[in-house]
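# Examining the three-dimensional arrangement
So the chains spell out like this:
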Amino acid sequence: MEPDVVNPASLLPGARIGPWLLLEQRGRGSYGVVYRAVSAEQQGADPVALKLALYPADARFAREAELLSRIRHPAVPRMLDSGNWQPREGLSFAWLVMDWVEGTPLYEWAQARRPSSRQVLQLLARLARALEATHAAGGLHRDVKGDNVRVRGADGEPFLLDFGSGHYVGASTLTWQTFPPGTSAYRPPEAWRFLLRTRRPPVAYAPEPADDVFALGVTAYRLIIAKYPPSAHPKDGDAWLWRPKALAHWTARIINPRCTPELSALVARMLSPHPEARGSAREVAEALEQAARNAGREADVPLFTGDEPRPAGLFPLPQRVTVRPPPRPRRWPWLAAAGLGGALALSVGELPSVSRFDATETSHLATQEESKDAGTVAVGDSVLTASVAPEETRSVWAAIAVDVPPKPFPGQRRPDGNGRCPGKLQVAVNGGCWVKLSIDIKDCDEAGGIEYRSECYQPVMTRQRPSTSGPAAPEDSP
């Protein structure tokens, strides 16, 4: 019985933490457990959310408590109390108490309520105001996403929750990874560019308020069309969709025509590849509020008919928008040098096309891995939904295997008896060894490569040839 007595995740109803009486456990994350509780000294008091650390002396709780105490906004739960639970001598677990929000996770709310563009504009404006208050207090949320938003059942008001991954000016650094806590699918293009530029030992990326605004844009996009935007990672095959001429191919209105032009344009603004073009949280909130006031009758049409596939949420993980690039004629100098002649055609689609809202075409799943410091639970994340293991993104090598030549070229390196090619960066495909080049796609021709999904690939030849490209790319990070 002794282990249960000191296990923060095993407390029974009726247990007391400071002046608070626990009613039931409502969620658990990587670093904290959330209980629904009431005051032990005031009968009839409203329930609260009590978050208890799973590990002794966890500095995250002090940081979250300080950040929440600085923020004053109706869309952010109030910080009510904090302290330390000491079940026995030498053990101390931090705890926080906040307003309890009885509501539905954002994406599930959208599925059930089928909101209109005007309602979404108003909801996003309130969340942008919450970010404005956070930034004005010198803080960053760093994990804005649909699972950290609850829509209150009583009045439909949204709340921005789970500041356990947040930060504020002057706070100590708790982790030393390149990326701070957060969720991969919501990171902006500039974060991924920084990752590719950093050297060893890695330098930590410093998020800005524009990162929170971008994450709100991803949240809005996924709310409207039930899919993530294309991957912003420069090494991903969809990275070309973030080029200026390609952005118009996958706006929210293109994929879900029920979305009004005003809402679509503001979501596109938040998703701008250029941080300075997104505007501050205050500017975004003002634009959303104005659009909600001035929109016509079209803005009151529900965004969903009820016949669509299940909108984005935890079950199952949503897919990314799929856009096929137009074909471009390619010539590969190494083919002639190898005496093969002719052209090698890869199937990349005939015309630009976009998966519309009711289409069944799929792309690779967005990785939902989070860093070790993410996943902390305040009122959000897993309070009302059980956590699930993320599904891994399919490897690009699995896709290329069906499009490269059915057998190796003459002189191409072959894998060994175990089906492996020498070197970590080489991959065995159809009996030959291939490598992805770390070069701009526009230089793929000159480097003697094959363009596939906006990446450049080259067969590994056994005979010596002058180097025509830069070093091979490092393995993609999740």
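Above this text you will find the structure in question.
Residues numbered from 1 in each chain as written. Predicted model: local features only at pLDDT ≥ 70, side-chain atom pairs only at ≥ 80, totals over all residues. Heavy atoms only, no water.

## Considering helix α2 (residues 59–70)
For the record, the criterion: In DSSP terms, a helix is any run of H or I states spanning at least four residues, a strand is any run of E spanning at least two, and both are numbered starting from the N terminus. Multiplying 1.5 Å by the helix residue count minus one yields the expected span of that helix. Think of it in three bands: with a 1.4 Å probe and only protein chains considered, a residue is buried below 20% of the maximum accessible area for its type, exposed above 50%, and partly exposed in between. Two residues form a contact once any of their heavy atoms are found within 4.5 Å.
Over its twelve residues, α2 extends 17 Å from the first C-alpha to the last, a length consistent with the 16 Å expected when each residue adds 1.5 Å. Turning to α2, its buried residues are Arg 60, Phe 61, Arg 63, Glu 64, Ala 65, Leu 67 and Leu 68. Residues of α2 that are buried make contact with β3 (32–39), β4 (48–53), β5 (79–85), β6 (93–99), β8 (139–140) and β11 (167–168).

## Quick word on helix α5 (residues 189–197)
Every buried residue of α5 is accounted for by Pro 189, Glu 190, Ala 191, Trp 192, Phe 194 and Leu 195. Among the structural elements, α6 (209–225) and α9 (275–278) are those in contact with the buried residues of α5.

## As for the environment of Asp 58
Tracing the sequence through the fold places Asp 58 in the loop between β4 and α2. According to the relative accessible area criterion, Asp 58 is buried, its value standing at 8%. Look past the residues within four positions of Asp 58 in its chain and what remains in contact with it is Tyr 31 and Ala 53.

## Comments concerning the state of the cysteines
Using the following cut-off: To count as a disulfide, a pair of cysteine sulfur atoms needs to be within 2.5 Å.
This structure, assessed with the given rule, holds one disulfide. Through a disulfide, Cys 421 is tied to Cys 433; the S-S separation comes to 2.0 Å. Between Cys 421 and Cys 433, the S-S torsion sits near -95°, and that sign places the bridge as left-handed. Residue Cys 421 is located in the loop between α12 (396–400) and β14 (426–429), and its partner Cys 433 is located in strand β15 (residues 432–437); the two are separated by twelve residues in the primary sequence. Given the relative accessible area of 0%, Cys 433 is considered buried.

## Notes on the pairing of strand β9 (residues 149–152)
Using the following cut-off: Two strands pair if DSSP finds at least two bridges between them.
In this structure, strand β7 (residues 103–105) lies alongside β9, joined through three bridges in antiparallel fashion. Bridge assignment links Pro 105 to a residue of β9, and that residue is Arg 150. Taken together, the three bridges between β9 and strand β10 (residues 158–160) define a ladder with antiparallel strand orientation. Along β10, the bridge assignment pairs Val 151 with Pro 158. The antiparallel pairing of β9 with β10 creates a hairpin that spans five residues between the two strands, and Gly 156 there sits at a positive phi of about 75°.

## Re the pattern of salt bridges
Heads up, the condition is: Only one rule defines a salt bridge in this text: a Lys or Arg side-chain nitrogen within 4 Å of an Asp or Glu carboxyl oxygen.
With the rule as written, the count across this model stands at 17 salt bridges. A salt bridge links Arg 282 to Glu 286; the nearest nitrogen and oxygen atoms lie 3.0 Å apart. Pair noted here: Arg 282 and Glu 286 are both in helix α10 (residues 281–294), with a separation of four residues, about one helical turn. We classify Arg 282 as partly exposed; its relative accessible area is 38%. A single network of salt bridges, built from pairs that share partners, joins Glu 24, Arg 26, Arg 36 and Glu 102.

## Quick look at the packing of helix α3 (residues 106–113) against α6
Put simply, the test is: To get an axis, a line is fitted to the C-alpha atoms, and for a helix only the part in contact is used. The angle between two axes follows their N-to-C directions and goes from 0 to 180 degrees. Reported orientations rely on four angle classes, namely roughly parallel under 35 degrees, roughly antiparallel over 145, roughly perpendicular from 65 to 115, and oblique for the rest. Left-handed is the label given to a crossing in which the near helix is rotated counterclockwise from the far helix by less than a right angle, and right-handed is the label when the rotation is clockwise.
Remark: α3 packs on α6, axes separated minimally by 9 Å, with the N-to-C direction vectors making an angle of 30°. With respect to each other, α3 and α6 are oriented roughly parallel. Considering only the axes of α3 and α6, their crossing is right-handed. Here α3 contributes Leu 106, Tyr 107 and Ala 110 to the contact with α6, which in turn contributes Thr 219, Arg 222 and Leu 223.

## Quick word on the sheet that holds β9
Taking strand neighbours across the sheet as the criterion, the three strands line up as β7-β9-β10 in an open arrangement whose pairing is antiparallel. Since the sheet does not close on itself, it has two edges, and those belong to β7 and β10, each with one partner. Going across the sheet, the axis of each strand differs from the next one's by a mean of 35°, ignoring polarity. The strands that helix α4 (residues 117–136) touches are β9 and β10; relative to β10, the one it contacts most, it runs at about 25°.

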